[in-house]
Amino acid sequence: AGLGLSSRVAALRSAFDAGFQAPRAAARAGDAVELLLLRAGRRRLAVRLSQVAGLVGQAGRARLVPLPGAAPGRLGLTAVRGQLVAVWGLGRLLGEAGGEPDEARWLVRCGAEGATGLAFAAFEGHAQAGAGALARADEPGLEAVVTVGDVPRGVVSIPALLARLPAERGIA
């Protein structure tokens, strides 16, 4: 009976691990796109959940430390669970003036191992949209426009924004 139990445990472990290696059902064409809804400056935006390594509020991270002489849009550095994260103002990267007091209340971690954070003022929820509901956007940094409820939102292209960030001495 002991051998049967250990082989059953091994089979369960293998099935559990395989579940994380299989493509998500939402990734298939025509299925729903999962979005995080947010506000950066005056802009109502969305980001694809598949492009995000984590969502962090002020309570989940250390104080934001500004860097002297940092590139435009770079708000500074913070630590999340012991990892150094370079923080950029999402609104500023998309052309907003920036500087509002709650500009960095939230951040989405992205990039290699979540070492880059895109800061924004308000997290407004989660939504799903059909892949056909995304209309093409003609604005740098946005890949599409989607209407959630009655609110049109630009869908941020995190890979495009990350590609535009300047490299600064090895810190993402």
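All values derive from a computational prediction rather than experimental measurement.

**A word on the packing of aromatic side chains**
Two numbers describe a pair of aromatic rings. These are the distance of the centres and the angle of the planes.
Piece 1. Under the defined criterion, the tally for this structure stands at one aromatic pair.
Piece 2. Arranged with centres 5.5 Å apart and planes meeting at 45°, the rings of Trp106 and Phe123 form a pair that is tilted. In this pair, Trp106 is assigned in strand 6 (residues 106–110) and Phe123 in strand 8 (residues 122–130), connecting sequence segments 17 residues apart.

**Quick look at the sheet that holds strand 5 (residues 83–89)**
Piece 1. Within the open sheet, the five strands sit side by side as 3-6-7-5-4. Their pairing is mixed. Each of the sheet's edge strands pairs with one partner strand only, and the pair in question is strand 3 (54–57) and strand 4 (74–80). Ignoring strand direction, the axes of neighbouring strands in this sheet form an average angle of 30°.

**Thoughts on the pairing of strand 10 (residues 142–148)**
Piece 1. In this structure, strand 9 (residues 135–136) lies alongside strand 10, joined through two bridges in antiparallel fashion. By the bridge assignment, Ala135 is partnered in strand 10 with Val145.
Piece 2. The antiparallel hairpin formed by strand 9 and strand 10 contains five residues in its connecting segment, where Gly141 sits at a positive phi of about 90°.
Piece 3. With six bridges connecting them, strand 10 and strand 11 (residues 151–156) associate as antiparallel partners. Across the sheet, the residue bridging to Thr147 is Pro152, located in strand 11.
Piece 4. Here strand 10 folds back onto strand 11 in antiparallel fashion, the turn holding two residues, of which Gly149 has a positive phi close to 70°.

**Some points on the side chain of Arg109**
Piece 1. Position of Arg109 among the secondary structure elements: in strand 6.
Piece 2. There is no salt bridge for the buried Arg109, and the closest opposite charge comes from Glu113, which lies 7.7 Å off by N-O distance.
Piece 3. Other than its neighbours up to four places away in sequence, Arg109 contacts Val52, Ala53, Gly54, Val56, Val80, Gln83, Val85, Gly114, Thr116 and Gly117.

**Section: the nonpolar core**
Piece 1. Of all hydrophobic cores here, the largest spans 23 residues; its most connected members are Leu45, Leu90, Leu118 and Val156.
Piece 2. Of all the secondary structure elements, the ones that give two or more residues to this core are strand 1 (32–40), strand 2 (43–48), strand 5, helix 2 (90–93), strand 6, strand 7 (116–120) and helix 3 (158–164).
Piece 3. Looking at this core, the element that brings in the most residues is strand 1, giving three residues.
Piece 4. Counting 11 residues, the second largest nonpolar core, distinct from the first, contains Leu35, Leu37, Ala46 and Val148.

**Focus: the confidence of the model for the chain**
Piece 1. Of the residues in the chain, 84% have a pLDDT of 70 or more, and the chain-wide mean is 85.
Piece 2. For residues 24–29, every residue scores under 50 in pLDDT, and the model assigns this stretch four contacts once sequence neighbours within four places are set aside.

**Focus on the pairing of strand 6**
Piece 1. Among the five residues of strand 6, four are classified as buried, and the element is accordingly described as predominantly covered.
Piece 2. Strand direction decides the pairing type here: strand 3 and strand 6, joined by four bridges, are antiparallel. Looking at the pairing, Val56 lines up with Leu107 of strand 6.
Piece 3. Bridge count between strand 6 and strand 7: five bridges; the pairing is antiparallel.

**Looking at the sheet that holds strand 1**
In sheet architecture, strand pairing relies on hydrogen bonds along the backbone and comes in two forms, parallel and antiparallel.
Piece 1. Read from one edge to the other, the open sheet built from six strands follows the order 8-1-2-11-10-9, with strand pairing classed as mixed. Each having just a single partner strand, strand 8 and strand 9 make up the two edges of the open sheet.
Piece 2. In terms of strand pairing, strand 1 meets strand 2 through six bridges, oriented antiparallel. Along strand 2, the bridge assignment pairs Arg39 with Arg44.

**Overview of the pattern of salt bridges**
Piece 1. Within the structure shown, the criterion is met by seven salt bridges.
Piece 2. Between Arg42 and Glu96 there is a salt bridge, and its shortest N-O distance comes to 3.9 Å. Placement of the pair is Arg42 in the loop between strand 1 and strand 2 and Glu96 in the loop between helix 2 and strand 6, with a sequence separation of 54 residues.
Piece 3. Since its relative accessible area comes to 72%, Arg42 is described here as exposed.
Piece 4. For Glu96, a relative accessible area of 16% gives the class buried.
Piece 5. A salt bridge links Arg44 to Glu124; the nearest nitrogen and oxygen atoms lie 2.9 Å apart. With a gap of 80 residues between them, Arg44 in strand 2 and Glu124 in strand 8 connect regions that are remote in the sequence.
Piece 6. By relative accessible area, Glu124 is classed as partly exposed at 31%.

Definitions and limits used
- Residues numbered from 1 in each chain as written.
- Predicted model: local features only at pLDDT ≥ 70, side-chain atom pairs only at ≥ 80, totals over all residues.
- Heavy atoms only, no water.
- Phe/Tyr/Trp six-rings, centres within 6.5 Å; stacked < 30°, edge-to-face > 60°.
- Helix = DSSP H or I, 4+ residues; strand = E, 2+ residues; numbered from the N terminus.
- Pairing = 2+ DSSP bridges.
- Axes fitted to C-alpha atoms, helices over the stretch in contact; angles between N-to-C directions.
- Buried < 20%, exposed > 50% of the residue type's maximum accessible area, 1.4 Å probe, protein only.
- Lys, Arg positive; Asp, Glu negative; His and termini not counted.
- Salt bridge = Lys/Arg side-chain N within 4 Å of Asp/Glu carboxyl O.
- Contact = heavy atoms within 4.5 Å.
- Core = buried A, V, L, I, M, F, W, Y, C linked by side-chain atoms within 4.5 Å.
- pLDDT = per-residue confidence, 0-100.

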